[in-house]
Amino acid sequence: MAEEDIFDKIISGEIPAYKVYEDDDVLAFLDLSQATPGHTLMVPKQHVDSIFDYDDALAEKVLTKIPKVARAIKASDDAIIGMNILMNNGEPAGQSVFHSHIHFIPRYADDDLNLPAPSTEHPVDEQTYNERAEKIRKQF
Ligand code: AMP
């Protein structure tokens, strides 16, 4: 069996966390680095490295919980007026803990958090759009 990572240790109770929700499939707890107040991580209890390793059954167990966790966080503070929900998959995407996790980052008026937004500065010609879309379509 692969060596336990930090989130496996939180799930097993070996190390503590500020837990906010738990069921048979997932655990949600505060991120130690609070990008904004209430920044929470949700992890599958079954170890998978990243989104690329979920089968349909695991995706259903885990990803369907996203709205419920998001609503609870939002309901916890009237000042929360929005939320970024994101997942870093792979080192180039900024993943630092290789146990899949979803970030819930509450947004507040004037919270000064600057998350990188997808750039709109790389338009391409119509043929290139078509080629790129077709390349992906063929994988399903
Ligand atoms: P990522 O960069 O998407 O892999 O995010 C990993 C996140 O895990 C970071 O935001 C860390 O602050 C957070 N983190 C690392 N160790 C712990 C821990 N023991 N408890 C809570 N959050 C943690």
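Residues numbered from 1 in each chain as written. Predicted model: local features only at pLDDT ≥ 70, side-chain atom pairs only at ≥ 80, totals over all residues. Heavy atoms only, no water.

Q: Explain the site of the ligand to me, using residue names and the numbers behind them.
A: Taken together, 16 residues lie near the ligand, and D31, N88, S96, H101 and H103 sit nearest. At 2.5 Å, a side-chain N or O of D31 approaches an oxygen atom of the ligand. For the ligand, the accessible surface in isolation is 500 Å², of which the surrounding protein chains cover 82%. Among the elements that line the shell around the ligand, the one with the most residues is helix 1 (residues 6-12), at 3 residues. In the shell around the ligand, the residues fall into 8 nonpolar, 7 polar and 1 charged. (Near = heavy atom within 4 Å. Polar contact = N/O pair within 3.5 Å; in protein donor to acceptor, adjacent residues only side chain to side chain. Areas by Shrake-Rupley, 256 points an atom, 1.4 Å probe, with all protein chains shown as cover. Helix = DSSP H or I, 4+ residues; strand = E, 2+ residues; numbered from the N terminus. Nonpolar A, V, L, I, M, F, W, Y, C, P; charged D, E, K, R; others polar.)

Q: Can you break down the sheet that holds strand 2 (residues 26-30) residue by residue, with the values?
A: Overall, antiparallel pairing links the 5 strands, which are arranged 1-2-3-5-4 in an open sheet. Sheet topology places strand 1 (19-22) and strand 4 (80-86) at the edges, where each strand pairs with a single neighbour. Along the sheet, successive strands turn relative to each other by an average axial angle of 20°, direction set aside. Relative to strand 5 (residues 102-108), strand 4 is paired through 6 bridges, and the arrangement is antiparallel. Bridging across to strand 5, I80 finds its partner in Y108. Across the face of the sheet, helix 3 (residues 66-75) comes into contact with strand 1, strand 3 (40-44), strand 4 and strand 5 while running at roughly 145° to strand 4. (Pairing = 2+ DSSP bridges. Axes fitted to C-alpha atoms, helices over the stretch in contact; angles between N-to-C directions. Contact = heavy atoms within 4.5 Å.)

Q: Describe the pattern of salt bridges, with residues and values.
A: In this structure the tally under the stated criterion is 5 salt bridges. Between R137 and E134 there is a salt bridge, with the nearest N and O atoms lying 3.0 Å from each other. Separated by 3 residues within a single helix, R137 and E134 lie in helix 4 (residues 126-137), roughly one turn from each other. Overall, R137 belongs to the exposed group, its relative accessible area being 53%. The partly exposed category is assigned to E134, whose relative accessible area is 35%. By sharing partners, the salt bridges in this structure join D23, D25 and K65 into a single network. (Salt bridge = Lys/Arg side-chain N within 4 Å of Asp/Glu carboxyl O. Buried < 20%, exposed > 50% of the residue type's maximum accessible area, 1.4 Å probe, protein only.)

Q: Give me the environment of E3: which residues, what numbers.
A: Its location among the elements puts E3 in the segment before helix 1. Along the primary structure E3 and S96 are separated by 93 residues, whereas in three dimensions their C-alpha atoms are 16 Å apart.

Q: Could you give an account of helix 2 (residues 56-63), with specific residues and numbers?
A: Among all positions of helix 2, only L58, A59 and V62 are buried. The buried side chains of helix 2 occupy one side of the element, clustering within an arc of 100° when seen end-on. Facing away from the buried side of helix 2 by over 90 degrees, the exposed positions are D56 and E60. Close packing links the buried residues of helix 2 with strand 2, strand 3, helix 3 and strand 5. (Arc of directions from axis to C-beta.)

Q: I'd like to hear about the side chain of H39, residue by residue, with values.
A: With respect to the helices and strands, the residue H39 is situated in the loop between strand 2 and strand 3. Look at H39 and you get buried, because its relative accessible area is 3%. A polar contact is formed between the side chain of H39 and the backbone oxygen of S33, at a distance of 3.0 Å. In this structure the side chain of H39 is engaged in a polar contact, spanning 3.1 Å, whose partner is the backbone nitrogen of A35. Aside from chain neighbours lying at most four places away, what touches H39 is L30, D31, S33, Q34, H103, F104, I105 and P106.

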